[in-house]
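# Structural overview
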Amino acid sequence: MANPHGSFIWYELMSPDVSGARAFYEPLIGWRIGDRPQGPIDYRMIAAPDGNVGGALELSREMMDHGAQPIWVGYICVDDVDATMAAIVAEGGAKFMANDVPGVGRIALMADPWGALFYVMKPMPPADGADAGSTAFAPEIVGHCAWNELATDDAPAALAFYGKHFGWEAGRAMTMGDIGVYQMMTHHGVEIGAVMNRLPGGPPAMWNHYWHVANIDATPEQITAGGGQVVHGPAEVPGGSAIVMGIDPQGAMFALVGPHL
């Protein structure tokens, strides 16, 4: 079934060294990442054991000279890219680019009013699968995204913003010390992530997308052995899993979640 408006449908790693990122993430998460560019830019598919979940874009020197930095960015499905783009800009967000990608769909790179990046996308379904949908966000499947977390300057306002444009609703909430309320978000009755106030002095407003791994306890050693840095965890989360947050060797923050084995 096709993904409804407001669904996370794809994830993209922007990196200055995609080959280096490939060597880091493949053993860590169990992905297969293309070993050569697809098309005129260096863009490679990221595949979990059961199919593609995202892509890796190599940042050129020109892109970085214009402010691009290593980062993971999620794609949100919308019914109309241009209408959504205009509504977001009118409410204080920003548009960085909009393109039609042949055979893929229309996309736009946006920022919310607090500076967190995300894409909006109207996919072009394949001719032989008009109702095909993305499973890039599939919390129970190893190698897929399990949680989408926004750290921002004004969590209640951000929740209202995303709710207005994508149909997300407030779910459960927890109080978490200095950051205040950790507010879960639901979409069509499914918990897709949470929004919280960012820590003073910490990273700027941004999304973190948590990747499901088979054994969270093995990841800290894998991260450091691969040239990355562990910045938090393993830390227990409700449900018996734990999380690890890190920075990859090319400078992109990432997050993992999984069980203890």
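A brief report on the enclosed structure follows. (Residues numbered from 1 in each chain as written. Predicted model: local features only at pLDDT ≥ 70, side-chain atom pairs only at ≥ 80, totals over all residues. Heavy atoms only, no water.)

The strand order across the open sheet formed by eight strands is S2-S3-S4-S1-S5-S8-S7-S6, and the pairing between neighbours is mixed. Looking along the sheet, the strands with just one partner apiece sit at the ends: strand S2 (32–33) and strand S6 (94–101). The pairing of strand S3 (residues 43–48) with strand S4 (residues 51–58) spans six bridges and is classified as antiparallel. Across the sheet, the residue bridging to Ile46 is Gly54, located in S4. (Pairing = 2+ DSSP bridges. Helix = DSSP H or I, 4+ residues; strand = E, 2+ residues; numbered from the N terminus.)

For the rest of this paragraph, the subject is the pairing of strand S14 (residues 229–237). Bridge count between S14 and strand S15 (residues 241–247): six bridges; the pairing is antiparallel. Considered in S15, the bridge of His232 is made with Met245. Adjacent in sequence and paired antiparallel, S14 and S15 are bridged by three residues, among which Gly239 carries a positive phi angle near 105 degrees.

Attention now goes to unusual backbone geometry. A cis amide bond links Gly233 to the next residue, Pro234, at an omega of 5 degrees. By secondary structure assignment, the location of Pro234 is in strand S14.

This part covers helix H1 (residues 18–29). The end-to-end C-alpha separation of H1 is 16 Å, in line with the 16 Å expected for twelve residues at 1.5 Å each. All of the buried residues in H1 are Val18, Gly20, Ala21, Phe24, Tyr25, Leu28 and Ile29. An end-on view of H1 places all buried positions within 150 degrees of arc, on one side of the element. Facing away from the buried surface of H1 by more than 90 degrees, the exposed residues are Ala23 and Pro27. At the N-terminal boundary of H1, the capping side chain belongs to Asp17, with an oxygen 3.4 Å from the backbone nitrogen of Ser19. (Expected span 1.5 Å × (residues − 1). Buried < 20%, exposed > 50% of the residue type's maximum accessible area, 1.4 Å probe, protein only. Arc of directions from axis to C-beta. Polar contact = N/O pair within 3.5 Å; in protein donor to acceptor, adjacent residues only side chain to side chain.)

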